[in-house]
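As a plain string of letters, each chain reads:
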Amino acid sequence: MSTRVRSVFKDREKLFPSHIPERLPHRERQIRLLNTLFEDFLIKPGRTYQRIVQLYGPVGSGKTCTAWRFGLRYQQMCLEKGVDMRYVHINCKLEAKSRFVLYQTILSKAAPEVSTRGHSPEEMLSLMVSFLRESDRYLLLSLDDVDYLIKRIKEEDREGGVVYDLTRLNELYPGEFSNIVGVIFIARDPGYRELLEPSERSTLGNIVIRLPRYDARQLRDILEARVEEAFKPGAVDEEIIEYVAEIAARKREEPGDCRFALDVLLAAGYIADSEWSDRVTLEHVRRALSETFWGISTDDLMTLDRHGIAVLMGAVQALQAEKTPYVSIKTLYEFYRMVCENQGLKPQSYSSVKGIVRDLSYRGIIDYVEGKGVGIIGATLEDLSRLLTSLERGRRLVF
Ligand SMILES: Nc1ncnc2c1ncn2[C@@H]1O[C@H](COP(=O)(O)OP(=O)(O)OP(=O)(O)O)[C@@H](O)[C@H]1O
Ligand SMILES: [Mg+2]
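Owing to the predicted nature of the structure, the values given are computational and were not obtained by experimental measurement.

Right, let's get into the site of ligand 1. The environment of ligand 1 is formed by 20 residues, the closest being G62, K63, T64, C65 and C258. Elements represented by at least two residues in the shell around ligand 1 include exactly α3 (63–80), α10 (216–230) and α12 (258–274). Within the shell around ligand 1, the residues separate by chemical class into 9 nonpolar, 6 polar and 5 charged. Looking at which domains feed residues into the shell around ligand 1, each of domain 1 (28–210) and domain 2 (231–292) supplies at least three.

Here's what the structure looks like:
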């Protein structure tokens, strides 16, 4: 819980990546699919063979949280049936930099009673499988970011066969049912399979679940639910959520990344708190974006001509006046004309201004969305306005 008396947050931990939300909007279908794939074991525990599933999806598409949420629920369902089934989730980037360390980690989580000292990797796995059999215990394993592990192992070129080992755990007791309920291999894309030996690749099988990129509407639903958990009621308006969802869905690099959207909200919340504000405003979000992620540099602005600067100033003033995330080019044009008048410039035509808007958007200085209009993401309006005024003043002295 937040310790500050005055804060926009109710519980900011709920925005951290380590928090696995109870409900995952737009991932229900994939969780249902996982349930179906593993339901046999729930119906006849101890009388199934090991299942291998692959889970793929781009950055921030919810692979990790989907696997965790499914795994924890599944473990609970087993427990309720009186079956000791443990879900073990291994983050390869953190916990498994080699085959040896991976197996050590798996053992320490799945069967901490078994000592790994002095054993080879193969021995560790067979000790674990025997132990699980003897103690009537079961394991469902997820290997997260497995592509990273495979690449590392290949680079070292000494040891291999992680996929081979883990997909054939049941072969230690041929013909018998397995205490390993299944292994879920998680990666951003299936490309890493090219690094595997053909025989190893074939043991992965064909059961693949793909998580599509989130679009703006889906991100909005997700953020709404997360905001409800993390922020005080009324601290974050619908408009803010929509704005952050829109930006995250359309950003050039890794569009649809939910982690990015949550980070922006968290940073904007911190900024709101630092100003003792009881609401997160569009300016807080813009500042979060400019400080944390983008940044319109003075260098970018120096390359613009006077009309470029005037259009940008028009955009800033229009956004300040309208207090909306985007303004139409028509509105912007009205403000642009006022700026020109103030500076003694002859305004350019509406269609030329449209061209300037497009150019500014290619430069990444403004954000132009068909149907919505112009927004600013790289700076707060206040900072940008100050910067533009001083730039224009400087220019007037030179010209
Ligand atoms: N459907 C969802 N509902 C709620 N939160 C979500 C959802 N999808 C993703 N998130 C959140 O977004 C963040 C990123 O998700 P996650 O870590 O699962 O992505 P990932 O696909 O594993 O990304 P990476 O490829 O970088 O490992 C996490 O904080 C997660 O809780
Ligand atoms: Mg992940």
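Read on, since the account is not over.
For the rest of this paragraph, the subject is the environment of L139. With respect to the helices and strands, the residue L139 is situated in strand β3 (residues 138–144). Separated by 250 residues in the primary sequence, L139 and T389 place their C-alpha atoms 64 Å from one another.

Relative to the helices and strands, D145 resides in the loop between β3 and α7 (146–156). As for D145 and F185, which are separated by 40 residues in sequence, their C-alpha atoms are 7.9 Å apart. For D145, the contacting residues outside a window of four places in its chain are N91, C92, K93, I186 and A187.

A common measure of how large an interface is: the accessible area buried when the components associate. As far as domains go, the protein chain holds domain 1 (28–210), domain 2 (231–292) and domain 3 (298–398). Placing a centre on the C-alpha atoms of domain 1 and another on those of domain 3 gives a separation of 54 Å.

Grouped together as the largest cluster of nonpolar side chains are 61 residues, with contacts concentrated most on V244, A261, V285, L312 and A315. For this core, the secondary-structure elements that each account for two or more residues are α10, α11 (238–250), α12, α13 (282–292), α15 (306–322), α16 (329–343), α17 (350–362) and α18 (381–398). Formed jointly, this core draws a minimum of three residues from each of two domains, domain 2 (231–292) and domain 3 (298–398). When near neighbours in sequence (up to four residues on either side) are disregarded, A261 contacts L219, L223, V244, A245 and A248. One finds Y103, I106, L149 and V183 within the second-largest nonpolar core, a separate group that totals 47 residues.

Here we take up the sheet that holds strand β4 (residues 180–187). The strand order β2-β3-β4-β1-β5 describes an open sheet built from 5 strands, whose pairing is parallel. Only two strands of the sheet have a single partner each, and these edge strands are β2 (85–91) and β5 (208–210). Shown here is a sheet whose adjacent strand axes are inclined to one another by a mean of 15°, direction ignored. Here 5 bridges tie β3 to β4, and the two strands are oriented parallel to one another. Its bridge partner lying in β4, S142 is registered against I184. Contacting β2 and β3, helix α5 (residues 99–110) crosses the sheet at an angle of about 145° to β2.

What follows deals with the pairing of β3. Summarising burial for β3: 7 of the 7 residues are buried, a large majority. Residues of β3 alternate between two faces, with Y138, L140, S142 and D144 on one and L139, L141 and L143 on the opposite face, all of them buried. Across 7 bridges, β2 lies against β3 in parallel orientation. Looking across to β3, one finds that M85 is bridged to Y138.

The rules we used
Residues numbered from 1 in each chain as written. Chains lettered and ligands numbered in written order. Predicted model: local features only at pLDDT ≥ 70, side-chain atom pairs only at ≥ 80, totals over all residues. Near = placed C-beta within 6 Å. Helix = DSSP H or I, 4+ residues; strand = E, 2+ residues; numbered from the N terminus. Nonpolar A, V, L, I, M, F, W, Y, C, P; charged D, E, K, R; others polar. Domains from an automatic or database assignment. Contact = placed C-beta atoms within 7 Å. Core = buried A, V, L, I, M, F, W, Y, C linked by C-beta atoms within 7 Å. Buried ≥ 20, exposed ≤ 12 C-beta atoms within 10 Å, placed from the backbone. Pairing = 2+ DSSP bridges. Axes fitted to C-alpha atoms, helices over the stretch in contact; angles between N-to-C directions.

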